[in-house]
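Overview (structure and organization)
Letter by letter, the chains look like this.
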Amino acid sequence: MENTGKTRDEIAEAYSSPPWWYDIRGFFILTFAYNSTIWAQLRFFAPNFGPSHLEVACGTGTLLELVLRWRKLKKMPPSKIVGVDYAESMLAGAVERFKNTPDVTLKHADAAELPYPDNFFDTANIANSIHCFPSIDGSLKDIYRVLKPGGTLACNVLLYPRTPWPFNKIAQRINDWGIKKGILYTPYHQDELRDKLLESGYEITYEKISGNCYDVVCRKPPADSSTSAE
């Protein structure tokens, strides 16, 4: 399956649908292309919130809102959250959703050029979005830059269909449609994302393949890791 070579602006335009349509479409894709569930996503992403958290490509904020409800239900500690997205129409949905939530700040930003200083956030998540980026290398490196030493990044990526027939065929058709529509740049093989994370400097602490998704948690090495190894 070939990607279309779309730019960030073209992909942002593909996400210019009304937020409600994006949410319905996202649920369909999650179920049949990712072969995952909301519950699996909550269990994976919810634990990775430090005192200062960055939510990359937050979209309309639907998943973030569910994660925060899950964290509250599980009595997990509160976080100061910054959500960023490049698609302004999606971000507008998140702004409306969190307008009465003072601990959530939303900003229009490119994940490869984050407007934050080095060593700023304790944690970061990229949920259901890496495969939508025209280039992930710059984003991974800039997220690494803004994470504090010892900070963690949790992310998942859509893999090429690996579920049995006929589910693999359904996933393939959805992926082809997504690429044509511009909401999907390319699926990945597990090793492709793994290698990119390692090349960006991260240490992988957890990884799992579930359905057509690769879930991975990695960290920016502590500042003293090089000296402690000597």
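Above this text is the structure in question.
All figures in this text were calculated on a predicted structure; none of them were measured in a lab.

Scoring rules and cut-offs
- Residues numbered from 1 in each chain as written.
- Predicted model: local features only at pLDDT ≥ 70, side-chain atom pairs only at ≥ 80, totals over all residues.
- Heavy atoms only, no water.
- Buried < 20%, exposed > 50% of the residue type's maximum accessible area, 1.4 Å probe, protein only.
- Helix = DSSP H or I, 4+ residues; strand = E, 2+ residues; numbered from the N terminus.
- Pairing = 2+ DSSP bridges.
- Right-handed = clockwise from strand over helix to strand, strands pointing away.
- Phe/Tyr/Trp six-rings, centres within 6.5 Å; stacked < 30°, edge-to-face > 60°.
- Lys NZ or Arg CZ within 6 Å of the ring centre and 35° of its normal.
- Polar contact = N/O pair within 3.5 Å; in protein donor to acceptor, adjacent residues only side chain to side chain.
- Contact = heavy atoms within 4.5 Å.

Side note on the pairing of strand S1 (residues 52-56)
For S1, the buried fraction is high: five of the five residues fall into the buried class. Going residue by residue along S1, you find Ser52, Leu54 and Val56 tucked away on one face and His53 and Glu55 tucked away on the opposite face as well. Across five bridges, S1 lies against strand S2 (residues 80-85) in parallel orientation. When the bridges of S2 are listed, Leu54 appears paired with Val82. Regarding the hand of the β-α-β motif, the stretch spanning S1, helix H4 (residues 62-73) and S2 is right-handed. In terms of strand pairing, S1 meets strand S4 (residues 121-126) through four bridges, oriented parallel.

Comments concerning the packing of aromatic side chains
In the structure shown here, the tally under the stated rule is seven aromatic pairs. Both rings, one in Trp39 and one in Trp70, keep their centres 6.3 Å apart while their planes meet at 45 degrees; by these two values the pair is tilted. Of this pair, Trp39 sits in helix H3 (residues 38-45) while Trp70 sits in helix H4, and the two are 31 residues apart along the sequence. Each ring, one from Tyr116 and one from Phe121, has its centre 5.3 Å from the other, and the planes form 75 degrees; the classification is edge-to-face. Each member of the pair, Tyr116 as well as Phe121, carries the same accessibility label: buried. Cluster of aromatic residues (ring-pair linked, three or more members): Phe44, Phe45 and Tyr206. Here the basic side chain of Lys220 rests over the ring of Tyr144, its NZ or CZ set 5.1 Å away from the ring centre.

Digging into the side chain of Lys220
Summarising the element assignment, Lys220 is placed in the loop between strand S7 (213-219) and helix H9 (225-228). Only 3.0 Å separates the side chain of Lys220 from the backbone oxygen of Tyr144, close enough to count as a polar contact. With sequence-adjacent residues up to four places away left out, Lys220 is seen in contact with Asn119, Tyr144, Arg145, Leu147, Lys148, Pro149, Gly150, Gly151 and Tyr202.

Read these as layout, nothing more, since geometry by itself doesn't imply function.
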